[in-house]
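Okay, here's what each chain looks like letter by letter:
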Amino acid sequence: MNSPKLLVSVWWPEEVRDALEGGADIIDIKNPKRGSLGAPSLRVVSEISRNYGGVVELSAAVGDITCCPEMAALAAYTLSKLGMNYVKVGLQVNDEKLGLEIVKEVSETVGSLSKVIIVGYADYIRIKTLSPMKIIDLAYKGGAYGVMIDTRIKDGLTTLDFLSTHYLKEFVNRAKKLGLLKALAGGLKRNQVKHVVNLGFDVIGFRTAACNNGRLGRVSKAKVYELKTALQRV
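Residues numbered from 1 in each chain as written. Predicted model: local features only at pLDDT ≥ 70, side-chain atom pairs only at ≥ 80, totals over all residues. Heavy atoms only, no water.

## Brief notes about the overall build of the protein chain
At step 1: What the protein chain contains, in helices and strands, is 10 helices and 10 strands.
At step 2: For a compact globule of 234 residues, the expected C-alpha radius of gyration is about 17 Å, and the protein chain comes in at 16 Å, within 12% of that figure.
At step 3: Its C-alpha atoms give the protein chain principal-axis dimensions of roughly 45 × 40 × 30 Å.
At step 4: The proportion of buried residues among the 234 residues of the protein chain is 55%.
At step 5: Expressed as a percentage of contacts within the protein chain between residues at least 6 apart in sequence, the contacts between residues at least 24 apart total 70%.
At step 6: With the model as given, the accessible surface of the protein chain reaches about 10300 Å², and the carbon-plus-sulfur share is 49%.
At step 7: Positive and negative side-chain charges of the protein chain, numbering 33 and 23 respectively, have mean locations separated by a distance of 4 Å. (Helix = DSSP H or I, 4+ residues; strand = E, 2+ residues; numbered from the N terminus. Rg over C-alpha atoms; globule rule 2.2 N^0.38 Å. Buried < 20%, exposed > 50% of the residue type's maximum accessible area, 1.4 Å probe, protein only. Contact = heavy atoms within 4.5 Å. Areas by Shrake-Rupley, 256 points an atom, 1.4 Å probe, with all protein chains shown as cover. Lys, Arg positive; Asp, Glu negative; His and termini not counted. Charge placed at Lys NZ, Arg CZ, Asp CG, Glu CD.)

Quick look at the structure:
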């Protein structure tokens, strides 16, 4: 079994070198102060794209979207034009019709510029949003490239605290049948790597476990290396 790609979320351009030297396969840009998928500043995205575009795959978060398909699409398009390989859209809605409108608008607007990844939340019950399993259907119908699971509330609980192994394996199987990329994140810890790798996701994402002093700290080359090594040893 091939190791999944290691995605490391960065906040500032200064973190990228440590993430890369530690072994990150995808550099994901977001503002962790603004939520699970907090949209980064244009300056940060531009600088990282200018310095690392073509060197490593780049991803950026559009935000935790609660409404307004056109606004989400404009943000995604802007990130795509800045050279992002992936744009991640957090679907923080509880209405399937609205969710599909957002996915379609973003996917059609971005077109072939970037790969659109639709994110559902492991803690969907407590935040009253659509389940990750439902996100698969909307992503497929709306023309997205892939799906991801993350946690919306960052309080130390991980995706594995909310979703069972059976649920996660079913998520992978459904997404795979529809030809969607499958990614997992959500406060994951290094000692959970072996378990999550065996679930069959294509990409595993980290922020907190890759940083010194928590998710609002700074990415550590040593911690990224530990995560990369753990992924490869499974």
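There is more to say, and it comes next.
## Some remarks on the packing of aromatic side chains
At step 1: If you walk through the whole model with that rule in mind, you get two aromatic pairs.
At step 2: Between the aromatic rings of Trp 11 and Trp 12, the centroid separation amounts to 5.3 Å while the plane-to-plane angle is 20°, which identifies the pairing as stacked.
At step 3: Overall, Trp 11 belongs to the buried group, its relative accessible area being 11%.
At step 4: Both rings, one in Phe 171 and one in Phe 201, keep their centres 6.0 Å apart while their planes meet at 25°; by these two values the pair is stacked. Highlighted residues: Phe 171 in helix α8 (residues 165-177) and Phe 201 in the loop between α9 (193-197) and β8 (203-206), separated in sequence by 30 residues. Of the two residues, Phe 171 and Phe 201, neither departs from the other in class, the shared state being buried. (Phe/Tyr/Trp six-rings, centres within 6.5 Å; stacked < 30°, edge-to-face > 60°.)

## Comments concerning the state of the cysteines
At step 1: All told, the structure shown has one disulfide when counted by the stated rule.
At step 2: Disulfide pairing is shown between Cys 67 and Cys 68; the S-S distance is 2.4 Å. Residues Cys 67 and Cys 68 share a disulfide whose torsion about the S-S bond is about -70°; that sign makes it left-handed. (Disulfide = S-S within 2.5 Å.)

## Digging into the nonpolar core
At step 1: Core analysis: the largest hydrophobic core is formed by 67 residues, its most contacted members being Val 106, Ile 118 and Leu 184.
At step 2: With sequence-adjacent residues up to four places away left out, Val 106 is seen in contact with Ala 72, Ala 73, Ala 76, Val 89 and Val 116.
At step 3: Core analysis: the next-biggest nonpolar cluster, separate from the first, contains 14 residues, Leu 7, Ile 117, Ile 127 and Ala 185 among them. (Core = buried A, V, L, I, M, F, W, Y, C linked by side-chain atoms within 4.5 Å.)

## Looking at unusual backbone geometry
At step 1: Of note, Cys 68 is a non-glycine position whose phi angle comes to about 60°, a positive value.
At step 2: Among the secondary structure elements, Cys 68 is positioned in the loop between β3 (57-65) and α3 (69-81).
At step 3: One non-glycine residue, Asn 213, adopts positive backbone phi at about 65°.
At step 4: Looking at the secondary structure, you find Asn 213 in the loop between β9 (211-212) and β10 (218-219).
At step 5: By relative accessible area, which is 76% here, Asn 213 ends up exposed.

## Comments concerning the sheet that holds strand β2 (residues 26-29)
At step 1: Taken in spatial order, the eight strands close into a barrel running β1-β2-β3-β4-β5-β6-β7-β8, and their pairing is parallel. Averaged over neighbouring strand pairs, the angle between their axes works out to 25° when direction is ignored.
At step 2: Strand direction decides the pairing type here: strand β7 (residues 181-184) and β8, joined by two bridges, are parallel. Residue pairing across strands places Ala 183 opposite Val 203, the latter belonging to β8.
At step 3: Contacts from helix α10 (residues 221-233) reach β1 (5-10) and β8 within the one sheet, and its direction differs from that of β1 by about 160°. (Pairing = 2+ DSSP bridges. Axes fitted to C-alpha atoms, helices over the stretch in contact; angles between N-to-C directions.)

## Some points on the packing of helix α6 (residues 132-142) against α8
At step 1: Put simply, α6 and α8 touch, their axes get as near as 10 Å, and they point 5° apart. Taken as axis vectors, α6 and α8 run roughly parallel relative to one another. In this structure, α6 uses Pro 132, Met 133 and Ile 136 to contact α8, whose residues at the interface are Tyr 167, Glu 170, Phe 171, Arg 174 and Ala 175. (Parallel < 35°, antiparallel > 145°, perpendicular 65-115°, else oblique.)

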